[in-house]
Amino acid sequence: MKLEEEVTSRLVMMQQNDWTTAPYTMRVHAMEKSMVEIVFSDLYSKMYPSMKWMNTYVSSLDKPMFICEYAHAMGNAIGNLKEYWESIEGSSATIGGAIWDWVDQAIYEPHEMKKGIYRLHTGYDFPGPHQGNFCSNGIIPATREESPKLKEVKAVYQYVHFADKGVDVKRNEAKVLLKNTYDFLSLDKFYLRWQVVKDGFRMQPDSMMLPAIMPDDSLLVTLNLKGINLKKAIKNGEEVMLDLYVCRTDAETWAGCWAWRLQNSNMNCLHERNYLS
């Protein structure tokens, strides 16, 4: 797919579209301003639509919608990604979007590197013109380390969704609804692993093989919560969380089975509605 954004000249865009698509007749073309003026774009596109706009228009389009930029990863960002994807997955036209962007572009200063000093620099550290630290707007830092933003993106993008369906305090059981949002994979090559966390301490884990839950199908499972007495936990005012993981049963060429935890979630076992009834 060819994606263009922040474009201005209609004539230039038309000429560019003809030039880039001529050798590749199957290439999909998306342009940012296609919502208002670009008729030759294969997809509609828009930059940073509000949630009000998303909830109003994402299902009323005659062409697919790809949001060329919809989440800006600068600083402590990506906090509204969940709401965006609830709108996207509930729409009939929107197929996804692009986070801006993947990695911070801060750099080491060559003269400092010769002295053994490795300190990341942004525009503020050099003569202008520059845009300050605007180059540091990635999901991961320039050092390529994992970040809280990356964990948030991974959690929102995961293909198995979990929904809390209640806790039976007397039986020490939790009901969880699993939904498979893969397009082509069933879940019979995966297993579910769960573990109670009480006041930060992990209890004994448990697991179960998953049946062939087909794409877009769901399964309600009842999980026995080992190592916890929910009645006592309520009486003592303890925090009880439930960690959930969906993992592959077999190793792949790109990862081991447990090393690649495809989905994970964290649920509070003691919501008020669960134990006051």
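Here is a short report on the structure shown in this document. This is a predicted model, so every value here is computed, not measured.

**Points about the packing of aromatic side chains**
And step 1. Scanning the model with the defined rule gives six aromatic pairs in all.
And step 2. Ring geometry for Trp53 versus Tyr57: centroids 5.2 Å apart, planes at 45 degrees, classification tilted. With Trp53 and Tyr57 both in helix α2 (residues 51–57) and four residues apart, the pair spans about one turn of that helix.
And step 3. Owing to a relative accessible area of 39%, Tyr57 belongs among the partly exposed residues under this scheme.
And step 4. Relative to Tyr182, the ring of Tyr159 lies with its centre 4.6 Å away and its plane at 20 degrees, an arrangement referred to as stacked. Taken together, the residues Tyr159 in the loop between α5 (148–157) and β7 (160–168) and Tyr182 in the loop between β8 (173–180) and β9 (190–198) connect sequence positions 23 residues apart.
And step 5. Overall, the relative accessible area of 13% leaves Tyr182 in the buried class.

**Focus on α5**
And step 1. Among all positions of α5, only Lys149, Val153 and Val156 are buried. Angular distribution of buried residues about the axis of α5 spans 70 degrees; they occupy a single face of the element. Those residues of α5 that are exposed and angled more than 90 degrees off the buried face are Pro148 and Lys151.
And step 2. The elements touched by buried residues of α5 are α3 (81–89) and β4 (94–100).

**So, the environment of Leu81**
And step 1. Mapped onto the fold, Leu81 is located in helix α3.
And step 2. Residues Leu81 and Tyr70 lie 11 residues apart in sequence; the distance between their C-alpha atoms is 8.7 Å.

**So, the packing of α3 against α5**
And step 1. Their axes nearest at 10 Å, the elements α3 and α5 cross at an angle of 20 degrees. What the angle tells us is that α3 and α5 run roughly parallel. Considering only the axes of α3 and α5, their crossing is right-handed. Facing Leu81, Lys82 and Trp85 of α3, the residues of α5 in contact are Val153, Val156 and Tyr157.

**Re α3**
And step 1. All of the buried residues in α3 are Leu81, Tyr84, Trp85, Ser87 and Ile88. With its buried residues spanning 155 degrees around the axis, α3 presents them on a single face.
And step 2. Contacts made by the buried residues of α3 are with α2, β3 (65–72), β4 and α5.

Thresholds applied
- Residues numbered from 1 in each chain as written.
- Predicted model: local features only at pLDDT ≥ 70, side-chain atom pairs only at ≥ 80, totals over all residues.
- Heavy atoms only, no water.
- Phe/Tyr/Trp six-rings, centres within 6.5 Å; stacked < 30°, edge-to-face > 60°.
- Helix = DSSP H or I, 4+ residues; strand = E, 2+ residues; numbered from the N terminus.
- Buried < 20%, exposed > 50% of the residue type's maximum accessible area, 1.4 Å probe, protein only.
- Arc of directions from axis to C-beta.
- Contact = heavy atoms within 4.5 Å.
- Axes fitted to C-alpha atoms, helices over the stretch in contact; angles between N-to-C directions.
- Parallel < 35°, antiparallel > 145°, perpendicular 65-115°, else oblique.
- Left-handed = near helix turned anticlockwise from the far one by under 90°.

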